[in-house]
Amino acid sequence: MRGFRIHSIPSILLGSSFQKRRREMNSTELKRKKNIVVISTKHCIEYPDTIAAAKAIESLGWTASIECWEDFKSIDWSRFDCAVIRTPWGYHNFFPQWLEFLAHVSKHTRLFNSAQILGWNSDKKYMQQLESSGIPVVPTVFLGQDSNKVGIAGRVRSLMEE
């Protein structure tokens, strides 16, 4: 893709962890790192943002592949220098497998962000932890599997009236 500069790609497509690591890398290491995987879900493999991320990586002279996280057991992750999570939508429907994927991939290649951070962030209840620490968050209703519809409607209605 034209118009991308190396320092703009991480903040737009790859995340702050990648940007920090890039600053730490010397030019020899940057040239050596060649094979990066962009992780998606089967339904988003051809999604424009997924393809744009791969093309941005390729514009740096690196090789980019797009793989589906659902196929994680059949992929040799050690052939990649690092993995970038891009469009793993739907992971919440398969949360135990998602966490297994994160642990598996992080054993075989560098994962941006870390498996620990991605796992923590994947369960949106982290927002409760942030809020209880005094960090402002978007008003959120957390529903358990045993939540009843009447209670849910009342909680959502009260948020809408704020």
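What counts as what
Residues numbered from 1 in each chain as written. Predicted model: local features only at pLDDT ≥ 70, side-chain atom pairs only at ≥ 80, totals over all residues. Heavy atoms only, no water. Phe/Tyr/Trp six-rings, centres within 6.5 Å; stacked < 30°, edge-to-face > 60°. Helix = DSSP H or I, 4+ residues; strand = E, 2+ residues; numbered from the N terminus. Buried < 20%, exposed > 50% of the residue type's maximum accessible area, 1.4 Å probe, protein only. Salt bridge = Lys/Arg side-chain N within 4 Å of Asp/Glu carboxyl O.

**Student:** How would you sum up the packing of aromatic side chains? Please name residues and give values.
**Tutor:** Under the criterion given, the structure shown has nine aromatic pairs. When the ring of Tyr47 is compared with that of Trp89, the centres are 4.9 Å apart and the planes differ by 70°; the resulting orientation is edge-to-face. With Tyr47 in the loop between β1 (35-40) and α4 (48-58) and Trp89 in the loop between β3 (82-87) and α5 (95-108), this pair connects stretches of sequence that are 42 residues apart. Between Phe72 and Phe101, the ring centres sit 5.8 Å apart and the planes meet at 65°, which makes this aromatic pair edge-to-face. Separated by 29 residues along the polypeptide, Phe72 in the loop between β2 (63-68) and β3 and Phe101 in helix α5 bring together distant segments of the chain. In terms of burial, Phe72 and Phe101 fall into one category: buried.

**Student:** Break down the pattern of salt bridges for me, citing the residues and quoting the values.
**Tutor:** Counted under the stated rule, the structure contains four salt bridges. Here Lys42 ties to Asp71 by a salt bridge, and the two come within 3.4 Å at their closest N and O atoms. Here Lys42, found in the loop between β1 and α4, pairs with Asp71, found in the loop between β2 and β3; they are 29 residues apart in sequence, far enough to count as distant. Residue class for Asp71 comes out partly exposed when judged on its relative accessible area of 27%. Among the salt bridges present, the one from Lys73 reaches Glu100, with a minimum N-O distance of 3.4 Å. Residue Lys73 is found in the loop between β2 and β3, and its partner Glu100 is found in helix α5; the two are separated by 27 residues along the sequence. Residue classification places Lys73 among the exposed residues on the basis of a relative accessible area of 62%. Residue Glu100 is classed as partly exposed on the basis of its relative accessible area, which comes to 38%.

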